[in-house]
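# Examining the three-dimensional arrangement
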Amino acid sequence: MIIRILSEGQYRLEGEALSELDRLDDKLLDALAAGNREEYDTNFREVLALIRGRGSRIPDTELVESDLILPAPDTTFEEARSLFADYPRHLS
């Protein structure tokens, strides 16, 4: 799966890391639905860390269509609520 983090770039994520991303994404969406800013911040940082840590960075010179686009790391809770409104609940 190709994942773009806005303002940062694209990463290729495969295998077990995708299952972990799906689990973390569910927690992030639950925090947004519950209006829990602290949990959102924690979960969003975990999602970004997983992608950066276990994903392979795709060079900016390579053109690849993204399967999933995440907002920029500095996205606020209020912005995230609207940005994640149509976000898929299950990634795989």
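Attention here is on the structure that accompanies the text. (Residues numbered from 1 in each chain as written. Predicted model: local features only at pLDDT ≥ 70, side-chain atom pairs only at ≥ 80, totals over all residues. Heavy atoms only, no water.)

### Things to note about the pattern of salt bridges
Summed over all chains, the structure comprises four salt bridges. Arg-23 serves as the salt-bridge partner of Glu-20, at 2.6 Å between the closest nitrogen and oxygen. On the criterion of helical spacing, the pair formed by Glu-20 and Arg-23 is a turn pair, its members being three residues apart in helix α1 (residues 16-34). The class of Glu-20 is partly exposed, set by a relative accessible area of 25%. Where Arg-37 meets Glu-78, a salt bridge forms, and the shortest distance between an N and an O atom there is 2.1 Å. Pair noted here: Arg-37 is in helix α2 (residues 37-54) and Glu-78 is in helix α3 (residues 77-83), with a separation of 41 residues, a long-range link. On the accessibility criterion, Arg-37 (44% relative accessible area) is partly exposed. (Salt bridge = Lys/Arg side-chain N within 4 Å of Asp/Glu carboxyl O. Helix = DSSP H or I, 4+ residues; strand = E, 2+ residues; numbered from the N terminus. Buried < 20%, exposed > 50% of the residue type's maximum accessible area, 1.4 Å probe, protein only.)

### Re α2
Helix length check: α2, at 18 residues, gives a terminal C-alpha distance of 26 Å against a target of 26 Å (1.5 Å per residue), a fit within 8%. Every buried residue of α2 is accounted for by Tyr-40, Asn-43, Phe-44, Val-47, Leu-48, Leu-50 and Ile-51. Taken around the axis of α2, the buried residues stretch over an arc of 155°, which confines them to a single face. Exposed residues lying more than 90 degrees from the buried face of α2 are Glu-38, Arg-45 and Gly-53. (Expected span 1.5 Å × (residues − 1). Arc of directions from axis to C-beta.)

### Things to note about the nonpolar core
Counting 22 residues, the largest nonpolar core has Leu-21, Leu-32, Tyr-40, Ile-51 and Phe-84 as the members making the most contacts within it. In terms of residue count, the dominant contributor to this core is α1 (seven residues). Sequence-distant contacts of Tyr-40, that is, excluding residues within four places in its chain, are made with Leu-28, Ala-31, Leu-32, Thr-75, Thr-76, Phe-77, Ala-80 and Phe-84. (Core = buried A, V, L, I, M, F, W, Y, C linked by side-chain atoms within 4.5 Å. Contact = heavy atoms within 4.5 Å.)

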